[in-house]
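Now for the letters of each chain:
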Amino acid sequence: NLTACSSKYVLSQMHPMWQEPLAIPGGDRQSPIDIVVRKSLFDPQLKPLVPAYDPQTCQQIWNNGYSFLVEYDDTTDKSTLKGGPLEDQFRLCQFHFHWGESNAWGSEHTVDRKLFPAELHIVHWNTEKYDLFEEAVMEDNGLAVIGVFLKIGKRHEGLQKLVDALPAVRHKDSVVDFERFDPACLLPSNINDYWTYHGSLTTPPLTEAVTWIVMKQHIEVSHDQLAVFRSLLFTSAEEEVQKGMVNNFRVQQPLRGRTVRSSFS
Ligand SMILES: COc1ccc(C)cc1NC(=O)Nc1ccc2c(c1)[B-](O)(O)OC2
Ligand SMILES: [Zn+2]
């Protein structure tokens, strides 16, 4: 495990993929953050999370130049998330990952400064308050994102179908059909233990629209599976200089007095 100081050193050695804008509108609810476990507040009113995904809504994988997105048909309520800290019903629209060039770092959130090699984000938008994802992205309480940490260990059988499809979306702007993938297979066995707080997108437009739900339990993927993530490119096929898609995470943001609640004591 990297201790706080070495991880700071390690962080200073890394080159996040895009230049941080100087000032963000508002800017007191930015993500990601370090989750300080002993400062999180157990909230007994937090309910169990209820993901209900229909794998038939899975449509495609898209390399958008930041990550690869597995996108779902979000024109109906076939794949939803409710419960947990959420008052409304949210609709699944995509999931993607963030990772490092080495297994020593790559996650966006940290737990007591502990870095993970990668982090999964499962993105949902509030269909009770908004009509389109594009709207919800810009508004308070517009998105609910489940964050899951990845650790290097045994091969993740459910992930392999996705890993096998990645060479087809090596370059930015490439898209490939992808069907019947159930994101629930990427959730840890225990989804009742999580931290939740109000934050933002970690890539532009950095809007403060997100209720984050970060799982306490990680999932395991093999070294070789994560190596395939690193074979993707930030750059499109036409560009002369190809850049490997690694370190596609944002640096930690100040807590600004926010409380992180936990669903477990
Ligand atoms: C250029 O980017 C856009 C252009 C137009 C629209 C409508 C949306 C976006 N961006 C977007 O959705 N980002 C985004 C959405 C959800 C999440 C994240 C980023 B994350 O923080 O990584 O995890 C959860
Ligand atoms: Zn993300």
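Notes on the structure follow. (Residues numbered from 1 in each chain as written. Chains lettered and ligands numbered in written order. Predicted model: local features only at pLDDT ≥ 70, side-chain atom pairs only at ≥ 80, totals over all residues. Heavy atoms only, no water.)

## Some words on the pairing of strand S12 (residues 194–199)
Within S12, five of the six residues are buried, leaving the element largely enclosed by the surrounding structure. Relative to strand S13 (residues 210–215), S12 runs antiparallel, the two sharing six bridges. Bridge pairing links Tyr-194 to Met-215 in S13. (Buried < 20%, exposed > 50% of the residue type's maximum accessible area, 1.4 Å probe, protein only. Helix = DSSP H or I, 4+ residues; strand = E, 2+ residues; numbered from the N terminus. Pairing = 2+ DSSP bridges.)

## Digging into the packing of aromatic side chains
Scanning all chains against the criterion turns up 11 aromatic pairs. Where Phe-68 meets Phe-229, the ring centres are 5.1 Å apart and the plane angle is 80 degrees; that geometry is what we call edge-to-face. Of this pair, Phe-68 sits in strand S5 (residues 68–72) while Phe-229 sits in helix H4 (residues 223–229); the two residues are 161 residues apart in sequence, bridging distant segments of the chain. This pair shows no difference in class: Phe-68 is buried, exactly as Phe-229 is. Their ring planes at 65 degrees and their centres at 5.1 Å tell us that Trp-99 and Phe-229 sit as a pair that is edge-to-face. (Phe/Tyr/Trp six-rings, centres within 6.5 Å; stacked < 30°, edge-to-face > 60°.)

## Side note on the site of ligand 1
Neighbouring ligand 1 are 13 residues; His-96, His-98, His-121, Thr-202 and Pro-204 lie closest to it. Between ligand 1 and His-98, the relevant distance is 3.2 Å, taken from an oxygen atom to a side-chain nitrogen or oxygen of the residue. Separating an oxygen atom of ligand 1 from a backbone N or O atom of Thr-202 is a distance of 2.7 Å. Surface burial for ligand 1 is 74%, taken as the share of its 530 Å² of free accessible area covered by protein chains. Elements supplying a minimum of two residues to the shell around ligand 1: strand S7 (90–99), strand S9 (118–126) and helix H2 (133–136). Split into classes, the residues belonging to the shell around ligand 1 amount to seven nonpolar, five polar and one charged. (Near = heavy atom within 4 Å. Polar contact = N/O pair within 3.5 Å; in protein donor to acceptor, adjacent residues only side chain to side chain. Areas by Shrake-Rupley, 256 points an atom, 1.4 Å probe, with all protein chains shown as cover. Nonpolar A, V, L, I, M, F, W, Y, C, P; charged D, E, K, R; others polar.)

## Focus on the pattern of salt bridges
Tallying each qualifying case throughout the model produces six salt bridges. Across the pair Asp-140 and Arg-29 runs a salt bridge, and its minimum N-O distance is 3.1 Å. Of this pair, Asp-140 sits in the loop between H2 and strand S10 (143–152) while Arg-29 sits in the loop between helix H1 (4–13) and strand S1 (34–35), and the two are 111 residues apart along the sequence. Judged by relative accessible area, Asp-140 falls into the partly exposed class, the value being 46%. Judged by relative accessible area, Arg-29 falls into the buried class, the value being 19%. Among the salt bridges present, the one from Arg-261 reaches Asp-43, with a minimum N-O distance of 2.7 Å. With Arg-261 in strand S15 (residues 261–262) and Asp-43 in the loop between strand S2 (41–42) and strand S3 (49–52), this residue pair connects regions lying 218 residues apart in the sequence. Relative accessible area serves as the criterion here: at 26%, Arg-261 is assigned to the partly exposed category. The class of Asp-43 is buried, set by a relative accessible area of 14%. (Salt bridge = Lys/Arg side-chain N within 4 Å of Asp/Glu carboxyl O.)

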